[in-house]
Amino acid sequence: MREGKLRSLLLNISSFLISVILILHLPLTVFGAAITDIRFWSAPDHTRVVLDSTDPVQYESSSQENPPQCQIELIGITTLPKKRELEVKDKYLHKIILTDLGKGKARLTLYQKTPLQTNIFTLKPDLGKPHRLVIDLIDVRQEQREREEREKQKETKQKGTKIVVIDPGHGGEDPGAMGPRKTKEKDIVLKVGKKLIHLLDQQREIKAFLTRKGDYFVPLETRVRMAREYGADLFISLHADGSFNPQARGSSVYCLSLSGASDQAAKLLADKENMSNILGGAFLRPTALSKDPQLNQILLDLMQNNSMKESFRFAELALEGLREVHALKFPNYRQANFIVLRAPDIPSVLVEVAYITNKEDERLLNQSEFQGKLAQTLSNAISKYFR
Ligand SMILES: [Zn+2]
């Protein structure tokens with residue numbers, strides 16, 4: 001009996017030691033991750049910090065209010081990037097510091113200007129992106145204020161006033177298509193979008209708003225929700241096309257299709273644009289993910305809905321104008337299932353202003369004058385549409 005007890009005790013001790021050794025060594029050997037980059041994106045209601053790594057990172061986070069700070073302990077880290085200190089100086093953060101704690105540990109400290117809600121999640125490698133640890137520091141009150149601001153536009157809209165929402169595609173982690181000279185779609189469409197807003201602001205009967213004002217990512221569903229909160233009369237998503245064929249060039253216009261794309265190329269384009277959520281790192285709150293049966297019903301009824309016909313009418317006006325400014329890739333609008341065009345009650349159109357992957361189109365897209373022409377022609381089409 002005593003011998004048996006001793007043996008089981010020894011067995012217990014040795015299995016305990018083995019598990020201690022496993023716990024101590026597993027993160028270093030099996031889960032070792034090299035941090036390769038660190039960056040941030042500033043949005044009006046949050047700041048996003050992104051860590052790139054070669055493998056998934058284990059982490060533990062804690063926040064404090066005074067001074068406001070978020071700390072993330074990273075475990076099983078093999079190497080850190082050269083750049084370990086970032087001056088942020090945006091609305092919400094002073095700086096970001098990554099500290100080597102030794103023994104495979106590191107600490108990421110985010111020095112905040114104010115207490116913020118933290119939302120941390122990981123993203124697996126996808127579409128050429130590595131493992132990512134994403135930290136969103138959210139100003140919940142600002143988020144709420146902006147939503148109320150949008151809803152106020154809808155509620156206080158005067159008779160005869162039309163609300164137009166311009167949606168510059170991509171942003172932040174998602175650069176969109178890239179030109180041979182590394183011009184990014186997200187930058188060009190933001191510039192065209194801002195020029196278009198400026199022109200629309202000069203028309204007394206039109207109020208125009210952007211879904212994205214800077215270089216940060218907005219999930220596709222959020223863009224649609226914003227347009228609905230504004231009570232938009234027209235929604236225009238701006239993009240620049242990309243192709244493996246460097247000869248492809250010209251402008252094109254797309255509308256939503258729920259019954260399948262007008263052709264295979266249109267379907268592929270919609271698939272590519274819809275990938276923005278994956279590239280940009282969309283984290284939809286549980287409430288956003290819950291299926292709204294009423295909305296689904298409206299979506300089903302959309303084919304009979306007037307907004308679809310109105311989208312086609314605007315698409316034709318846009319093509320008529322774009323033809324004067326640039327070669328058209330296709331003479332007619334085409335249709336596919338773009339997430340961003342799914343607002344059931346708002347005429348919505350997606351414009352691919354040109355091919356950023358074509359050398360000549362890329363050169364034009366970088367010209368402020370060409371951006372202005374695109375904005376002017378779209379502004380004219382919008383006026384004609386409401387007339
Ligand atoms: Zn795009």
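See the structure above.
To keep things clear, this report deals only with the structure shown in the data block. (Residues numbered from 1 in each chain as written. Predicted model: local features only at pLDDT ≥ 70, side-chain atom pairs only at ≥ 80, totals over all residues.)

## Points about the packing of helix α9 (residues 306–325) against helix α11 (residues 368–386)
To characterise two packed helices, one gives the angle between the axes of the helices and the distance between these axes.
Then step 1. With their axes 9 Å apart at the nearest point, α9 and α11 run at an angle of 145° to one another. By crossing handedness, the relation of α9 to α11 is classed as right-handed. Contacts between α9 and α11 involve R313, F314, L317, A318, G321, L322, E324 and V325 from the former and K373, L374, T377, L378, N380, A381, K384 and Y385 from the latter.
Then step 2. The class makeup of the residues in the contact of α9 with α11 is 9 nonpolar, 3 polar and 4 charged. (Axes fitted to C-alpha atoms, helices over the stretch in contact; angles between N-to-C directions. Helix = DSSP H or I, 4+ residues; strand = E, 2+ residues; numbered from the N terminus. Left-handed = near helix turned anticlockwise from the far one by under 90°. Contact = placed C-beta atoms within 7 Å. Nonpolar A, V, L, I, M, F, W, Y, C, P; charged D, E, K, R; others polar.)

## Section: the sheet that holds strand β10 (residues 162–168)
Then step 1. Taken together, 6 strands build an open sheet; the order of strands is β11-β10-β12-β15-β13-β14 and the sheet is mixed. With one partner strand each, in any of the chains shown, β11 (206–210) and β14 (334–336) form the two edges of the open sheet. Across the sheet, the mean angle from the axis of one strand to that of its neighbour is 30°, orientation sign disregarded.
Then step 2. Bridge count between strand β13 (residues 252–256) and strand β15 (residues 348–355): 3 bridges; the pairing is antiparallel. Its bridge partner lying in β15, V253 is registered against V351.
Then step 3. The strands touched by α11 are β10, β11, β12 (234–241) and β15; relative to β12, the strand with the most contacts, the crossing angle is about 155°. (Pairing = 2+ DSSP bridges.)

## Here's the deal with the environment of V57
Then step 1. With respect to the helices, strands and loops of the structure, V57 is situated in the loop between β2 (46–53) and β3 (58–65).
Then step 2. Setting aside residues up to four positions removed in sequence, V57 forms contacts with A33, L51, L74, H131 and L133.

## Describing the pairing of β3
Then step 1. Summarising burial for β3: 0 of the 8 residues are buried, a small minority.
Then step 2. Pairing of β3 with strand β4 (residues 68–75), which is carried by 8 bridges, proceeds in the antiparallel orientation. Its bridge partner lying in β4, S62 is registered against Q71.
Then step 3. Between β3 and β4, which follow one another and run antiparallel, lie 2 residues. (Buried ≥ 20, exposed ≤ 12 C-beta atoms within 10 Å, placed from the backbone.)

## Quick notes on α11
Then step 1. In a regular helix each residue adds 1.5 Å, so 19 residues correspond to 27 Å; α11 covers 27 Å between its end C-alpha atoms and thus fits that length.
Then step 2. Where α11 is buried, its residues meet β10, α3 (185–201), β11, β12, α9 and β15. (Expected span 1.5 Å × (residues − 1).)

## Details of the packing of helix α2 (residues 140–155) against helix α4 (residues 220–230)
Then step 1. Packing of α2 against α4 brings their axes to within 6 Å, and their N-to-C directions diverge by 45°. Between α2 and α4, the crossing angle belongs to the class labelled oblique. Where α2 abuts α4, its residues R147, R150, E151, Q153 and K154 lie against M226, E229 and Y230.
Then step 2. Tallied by class, residues from the contact of α2 with α4 come to 2 nonpolar, 1 polar and 5 charged. (Parallel < 35°, antiparallel > 145°, perpendicular 65-115°, else oblique.)

## As for the environment of P168
Then step 1. With respect to the helices, strands and loops of the structure, P168 is situated in strand β10.
Then step 2. The spatial distance from the C-alpha of P168 to the C-alpha of L210 is 7.4 Å, given a sequence separation of 42 residues.
Then step 3. Apart from the residues within four sequence positions on either side, P168 is in contact with V189, L190, G193, L210, R212 and L238.

## Examining unusual backbone geometry
Then step 1. With an omega of -5°, the peptide bond running from N66 to P67 counts as cis.
Then step 2. Inspection of the secondary structure puts P67 in the loop between β3 and β4.
Then step 3. Residue K89 is not a glycine yet carries a positive backbone phi of 55°.

## Concerning the pairing of β4
Then step 1. Strand direction decides the pairing type here: β4 and strand β7 (residues 105–112), joined by 7 bridges, are antiparallel. Residue pairing across strands places E73 opposite R107, the latter belonging to β7.

## Here's the deal with the sheet that holds β3
Backbone hydrogen bonds are what pair the strands of a sheet, in a parallel or an antiparallel way.
Then step 1. Spatially, the 5 strands line up as an open sheet ordered β3-β4-β7-β6-β5, and their pairing is antiparallel. The sheet terminates laterally at β3 and β5 (85–87), the two strands that pair on one side only. Neighbour-to-neighbour, the strand axes of this sheet turn through a mean angle of 10°, independent of strand direction.
Then step 2. When strand β6 (residues 93–102) meets β7, the two strands line up antiparallel, connected through 8 bridges. From the neighbouring strand, I96 faces β7, where its bridge partner is L110.

Everything listed here is a matter of geometry and, on its own, says nothing about what the molecule does.
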